[in-house]
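Structure assessment
Spelled out from the first residue to the last, the chains are:
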Amino acid sequence: MNPDEPGKKRSSLHLSLARRIVALAAEQAWPAGYHLRETEIARTFEVSRTPVRAALGLLAEQGVVEARVNQGFFLVSEAADLAAAEQSLPAAREENVIHAILRDREAGHLPENLIETELQETYRIGPSALKKVLLQLAEDGLIKRRRGHGWSFVPSLSSSRAREESYRFRMIIECMGLLEPSFRIDQVQFDRCRAAHEAFIADLARPPAAERFFEINAGFHAMLSACSGNRFLQQAMENQNALRRLTEYADYGALDADALLKSCQEHLAILDALENGDPNWAAILMRQHLTRPMRPR
């Protein structure tokens with residue numbers, strides 16, 4: 001079945017989930033025949049099972065997975081073939097509008113409060129498609145419903161001073177978090193994080209996906225704060241990731257492969273230092289990482 005078949009409805013969420021499932025399968029090197037359990041995938045991506053099922057159905061139409069009656073979905077493609085499978089997934093009109101909205105907000109072309117009729121006219125999109133865009137932005141934590149009516153952007157680090165203060169604050173909490181007496185390595189999470197970085201580096205020959213890097217980058221810093229064993233450090237890092245989401249989600253789209261590669265390499269070096277039992281060196285590397293100008297951190 002052709003995924004671009006007229007009348008076949010595709011939501012931005014389903015397409016995004018399909019790509020993320022393929023990326024996860026490649027990162028984890030799942031073999032052909034691997035059982036893709038809806039519950040586990042939903043838990044991993046923090047969504048309900050319904051969109052996961054729709055995303056797996058889309059992958060079944062692409063021949064990436066096989067749907068077996070009363071058994072579920074099973075991977076068909078080998079890990080080496082998954083990059084091509086991800087690239088073959090259709091682009092959604094809604095996704096292009098999402099990116100345009102984020103770029104325009106970051107450039108100062110959109111106000112804090114959104115007016116749906118103006119968005120329809122500006123981005124030449126119908127009301128039903130715009131609703132999908134707004135719901136996706138809300139699910140990603142980038143906008144929220146206003147009381148009574150309409151939507152508004154969440155607070156973000158929109159000024160250079162706010163960004164600098166944010167990075168200096170992160171230097172305090174992230175570097176010291178690595179030195180907390182309660183810091184413990186979660187080996188499963190470390191291995192998953194390392195695999196995600198290595199898979200992203202391997203794909204840098206293709207145009208990098210800003211959303212994918214944001215999730216990898218934010219996940220790295222959130223994981224280390226969780227490993228600190230200090231609930232207040234973890235809460236502060238979660239708040240920083242939320243503030244950064246709008247600004248850096250847009251910024252990453254303009255970064256070149258060299259900058260993304262360097263950032264990933266620095267993350268991996270910090271993981272190496274921690275796994276080698278040298279938290280002091282890891283803290284030094286983290287400080288250097290957070291002071292690099294004009295690169296993702």
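Report on the accompanying structure.

The rules behind these values
- Residues numbered from 1 in each chain as written.
- Predicted model: local features only at pLDDT ≥ 70, side-chain atom pairs only at ≥ 80, totals over all residues.
- Heavy atoms only, no water.
- Axes fitted to C-alpha atoms, helices over the stretch in contact; angles between N-to-C directions.
- Helix = DSSP H or I, 4+ residues; strand = E, 2+ residues; numbered from the N terminus.
- Parallel < 35°, antiparallel > 145°, perpendicular 65-115°, else oblique.
- Left-handed = near helix turned anticlockwise from the far one by under 90°.
- Contact = heavy atoms within 4.5 Å.
- Nonpolar A, V, L, I, M, F, W, Y, C, P; charged D, E, K, R; others polar.
- Polar contact = N/O pair within 3.5 Å; in protein donor to acceptor, adjacent residues only side chain to side chain.
- Salt bridge = Lys/Arg side-chain N within 4 Å of Asp/Glu carboxyl O.
- Buried < 20%, exposed > 50% of the residue type's maximum accessible area, 1.4 Å probe, protein only.

1. Brief notes about the packing of helix α9 (residues 187-202) against helix α12 (residues 257-275)
Between α9 and α12, the shortest axis-to-axis distance is 10 Å and the interhelical angle comes to 155°. Judged by the inter-axis angle, α9 sits roughly antiparallel to α12. Crossing of α9 against α12: the hand is left-handed. Of the residues in α12, those in contact with Gln-187, Phe-190, Asp-191, Cys-193, Arg-194, His-197, Glu-198, Phe-200 and Ile-201 of α9 are Leu-260, Leu-261, Cys-264, His-267, Leu-268, Leu-271, Asp-272, Leu-274 and Glu-275. Split into classes, the residues belonging to the contact of α9 with α12 amount to 10 nonpolar, three polar and five charged.

2. What to know about the side chain of Gln-240
Locating Gln-240 in the fold gives a position in helix α11 (residues 231-251). At a separation of 2.5 Å, a polar atom in the side chain of Gln-240 contacts the side chain of Ser-166. If we skip the residues at most four places from it in the chain, Gln-240 touches Ser-166, Phe-169 and Arg-170.

3. Some remarks on the pattern of salt bridges
Counted according to the given criterion, the structure contains six salt bridges. In this structure, Glu-165 engages Arg-161 in a salt bridge whose closest nitrogen and oxygen atoms are separated by 3.1 Å. Taken together, the residues span about one helical turn, with Glu-165 and Arg-161 both in helix α8 (residues 160-178) at a distance of four residues. Take Arg-161: its relative accessible area is 64%, and that puts it in the exposed class. For Arg-194, the salt bridge identified is with Glu-275, shortest N-O distance 2.8 Å. With Arg-194 in helix α9 and Glu-275 in helix α12, the pair connects residues that are 81 residues apart, well separated along the chain. For Arg-194, a relative accessible area of 17% translates into the label buried. For Glu-275, a relative accessible area of 31% puts it in the partly exposed group.

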